[in-house]
Amino acid sequence: MATTLLSTDYQFPKQEGVYHGKVRDVYNIDNNLLVMIATDRISAFDVVLPKGIPFKGQVLNQIASYFLEATADICPNWRLATPDPMATVGIKCEGFRVEMIIRGYLTGSAWREYATGTRELCGLRLPDGMKENERFPEPIITPTTKADAGHDENISREQIIAQGLVSEEDYKIMEDYTRRLFARGQQMAAEKGLILVDTKYEFGKHDGKVYLIDEIHTPDSSRYFYAEGYEERLRRGEPQRQLSKEFVRQWLIDHGFMGKPGQKVPNMSEDFCTIVSERYIELYEHITGQPFIKGDEKNLKDRIAVNVLDCLRQLAY
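All values derive from a computational prediction rather than experimental measurement. (Residues numbered from 1 in each chain as written. Predicted model: local features only at pLDDT ≥ 70, side-chain atom pairs only at ≥ 80, totals over all residues. Heavy atoms only, no water.)

1. Considering empty space enclosed by the protein
Where empty space is left can be seen by rolling a probe of water-molecule size over the atoms. How we decide: Throughout, the protein atoms alone are placed on a 1 Å grid, and a set of points is a cavity if a 1.4 Å probe fits but cannot get out or a pocket if it is open with protein on both sides within 12 Å along at least five of seven lines; lining residues have an atom within 4 Å of a point. Grid points are joined across faces, edges and corners, and a volume is the space filled by probe spheres set on the points. By the criteria applied, helices consist of DSSP H or I runs no shorter than four residues and strands consist of E runs no shorter than two, each listed in order from the N terminus. Residues are grouped as follows: Ala, Val, Leu, Ile, Met, Phe, Trp, Tyr, Cys and Pro are nonpolar; Asp, Glu, Lys and Arg are charged; every other residue, Gly included, is polar.
What the rule picks out here adds up to three cavities of 30 Å³ or more. Put simply, the largest cavity is a space of about 90 Å³. Of all elements in the fold, only strand S3 (33–38) and helix H1 (56–70) reach the threshold of two or more residues within the lining of the largest cavity. In terms of residues, the lining of the largest cavity owes the most to one element, H1, which gives five residues. Tallied by class, residues from the lining of the largest cavity come to seven nonpolar, three polar and three charged. Taken as a whole, the second largest cavity encloses approximately 70 Å³ of empty space. Thr 3, Asp 40, Phe 55, Gln 58, Met 86, Gly 295, Asp 296, Glu 297, Leu 300 and Arg 303 are the residues that line the second largest cavity.

2. A word on H1
The line we're drawing: Multiply 1.5 Å by the residue count of a helix minus one, and that product is the helix's expected span. Classification of residues uses two cut-offs on accessible area relative to the type maximum, computed with a 1.4 Å probe and protein chains only: under 20% is buried, over 50% is exposed, and between them is partly exposed.
Given a rise of 1.5 Å per residue, 15 residues ought to cover 21 Å, and the 21 Å separating the end C-alpha atoms of H1 matches this to within 8%. Most of H1 is tucked away: eleven of the 15 residues are buried. Residues of H1 that are buried include every one of Lys 56, Gly 57, Gln 58, Val 59, Leu 60, Asn 61, Ile 63, Ala 64, Ser 65, Phe 67 and Leu 68, and no others.

3. Here we look at the sheet that holds strand S7 (residues 87–91)
The strands making up a sheet associate through backbone hydrogen bonding, with each pair oriented either parallel or antiparallel. Quick note on the threshold: A strand pair is defined by DSSP finding two or more bridges across the two strands. Helix axes are fitted to C-alpha atoms over the stretch in contact, other axes to C-alpha atoms as well, and angles between N-to-C directions run from 0 to 180 degrees. By definition in these notes, contact holds between two residues if any of their heavy atoms fall within 4.5 Å.
If you trace the five strands from one edge of the open sheet to the other, you get S1-S2-S3-S7-S6, paired in antiparallel fashion. What marks the edges here is a single partner per strand, and that holds for strand S1 (15–20) and strand S6 (79–84). Ignoring strand direction, the axes of neighbouring strands in this sheet form an average angle of 20°. Bridge count for strand S2 (residues 24–29) against S3 is six bridges, and the pairing is antiparallel. Across the sheet, the residue bridging to Val 26 is Met 36, located in S3. Along the sheet, H1 makes contact with S2, S3, S6 and S7, crossing S6 at roughly 145°.

4. Brief notes about the layout of surface pockets
For the second largest pocket, the calculated volume is near 380 Å³. Along the walls of the second largest pocket sit 18 residues, with Glu 132, Asn 133, Pro 239, Gln 242 and Gln 250 positioned nearest its centre. When residues of the lining of the second largest pocket are traced back to their parent elements, those giving at least two are helix H2 (108–115), helix H5 (230–236) and helix H6 (246–254). A per-class count over the lining of the second largest pocket returns four nonpolar, seven polar and seven charged.

5. Points about the pattern of salt bridges
So the rule is basically this: Any Lys or Arg side-chain nitrogen found within 4 Å of a carboxyl oxygen on Asp or Glu counts as a salt bridge.
Scanning the entire structure with this criterion turns up 17 salt bridges. With its nearest N and O atoms 2.8 Å apart, the salt bridge here joins Asp 25 to Arg 41. Pair noted here: Asp 25 is in strand S2 and Arg 41 is in the loop between S3 and strand S4 (43–44), with a separation of 16 residues, a long-range link. With respect to burial, Asp 25 and Arg 41 carry one shared label: buried. Of the charged contacts, one joins Arg 236 and Glu 232 as a salt bridge, the two residues approaching to 2.8 Å between their closest N and O atoms. One end of the pair, Arg 236, and the other, Glu 232, are both in helix H5, four residues apart, so they sit about a helical turn from each other. The exposure class assigned to Arg 236 is exposed, which follows from its relative accessible area of 55%. One salt-bridge network, held together by shared partners, links Glu 99, Lys 200, Glu 202 and Asp 214.

6. Side note on unusual backbone geometry
Phi at Phe 45 takes a positive value of approximately 55°, unusual for a residue other than glycine. With respect to the helices and strands, Phe 45 occurs in the loop between S4 and strand S5 (47–48). For Asn 299, which is not glycine, the phi dihedral falls at a positive 50°. Position of Asn 299 among the secondary structure elements: in the loop between helix H7 (270–288) and helix H8 (300–314).

7. So, the side chain of Lys 56
Along the polypeptide, Lys 56 turns up in helix H1. Each residue touching Lys 56, except ones within four places of it in the same chain, is listed here: Val 23, Thr 39, Asp 40, Arg 41, Ile 42, Asp 220 and Tyr 280.

8. What about the side chain of Gln 186?
Looking at the element boundaries, Gln 186 is found in helix H4 (residues 168–190). Apart from the residues within four sequence positions on either side, Gln 186 is in contact with Tyr 105 and Leu 196.

9. Details of the nonpolar core
The cut-off we apply is this: What makes a nonpolar core is a set of buried Ala, Val, Leu, Ile, Met, Phe, Trp, Tyr and Cys residues whose side-chain atoms join them at distances within 4.5 Å.
Judged by nonpolar contacts, the single largest core of 62 residues is most densely connected at Phe 203 and Tyr 224. At eight residues, H7 tops the list of elements feeding residues into this core. The residues contacting Phe 203, other than those within four sequence positions of it, are Gly 95, Phe 96, Met 100, Met 174, Tyr 177, Thr 178, Leu 181, Val 210, Tyr 211, Leu 212 and Ile 213. If you look at the next biggest cluster of nonpolar residues, it comprises 17 residues, including Leu 300, Ala 305, Val 308 and Leu 312.

10. Quick look at the packing of H1 against H7
Selection rule: Just so you know how the angles are binned, under 35 degrees is roughly parallel, over 145 roughly antiparallel, 65 to 115 roughly perpendicular, and the rest oblique. The hand of a helix crossing depends on one turn: near helix anticlockwise from the far one by less than a right angle means left-handed, and clockwise means right-handed.
Where H1 contacts H7, the axes come no closer than 9 Å and their chain directions differ by 20°. Taken together, the axes of H1 and H7 lie roughly parallel to each other. By crossing handedness, the relation of H1 to H7 is classed as left-handed. Every residue of H7 that contacts H1 at Lys 56, Val 59, Leu 60, Gln 62, Ile 63, Tyr 66 and Phe 67 is listed here: Tyr 280, Ile 281, Tyr 284, Ile 287 and Thr 288. Split into classes, the residues belonging to the contact of H1 with H7 amount to nine nonpolar, two polar and one charged.

Printed below as a string of structure tokens:
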């Protein structure tokens, strides 16, 4: 199996600290810049799985860069440069403790809730009589609190403002950006024969302005269906053909794991990891319309260090 990057431990010039997330390692440079490295770790149900997925970090980083560049006219974002296939350098923002999830279709965790009889999600009333994977009349925003560890929790717009997590003024800006970004993402997906089903966005502030931060429209943060055959599959009640991480979640569910206490992560075979890698690469090529060029796997950590250091020097760090 191809080489995977599961951890990093760099010491960059003027480094103030590092945050090791579920998938990304984020380095604070002089409290002004961030170096975000997309590792090959994969998480599901808020649990980091024991094995990495070859080229996953490169896929995530390059898709995010592609969409950050393609949506810069909608709202400012944190990205300054992508010096390595697995690394992005950008502006350090003060992140809001809320993730903006927007859903165009009833699927995933929302469907699982709906199927139990739930008709309210994040303070929003859901229509009765919907089918799995059916399109909502209008996309709905279902925010969650952003947890450093453990599970994110659903929260309503009213609760976010009442608890002071985000001011009403900033929330309105985030809500507007979320809807416009999603519309752009759906348009770009449709041009490639895909449906952007749902996604999440994160925002922060820098110099008093709201910025889009982190990744966007990647298979870790989004769900895509193939447009061809969607209506027929919906009518027949069949599962949709999709390009997302949902198939990994479903595989875990089928093997008795949903991240609950006492549950054990099933063994991830080399063949399974390869299949997941191929799914990620397939999504990259579909959504960007470009062939995926695998980065040099030899001395991954050294390659990233050299490229990031060169970028920091050019940015006078």
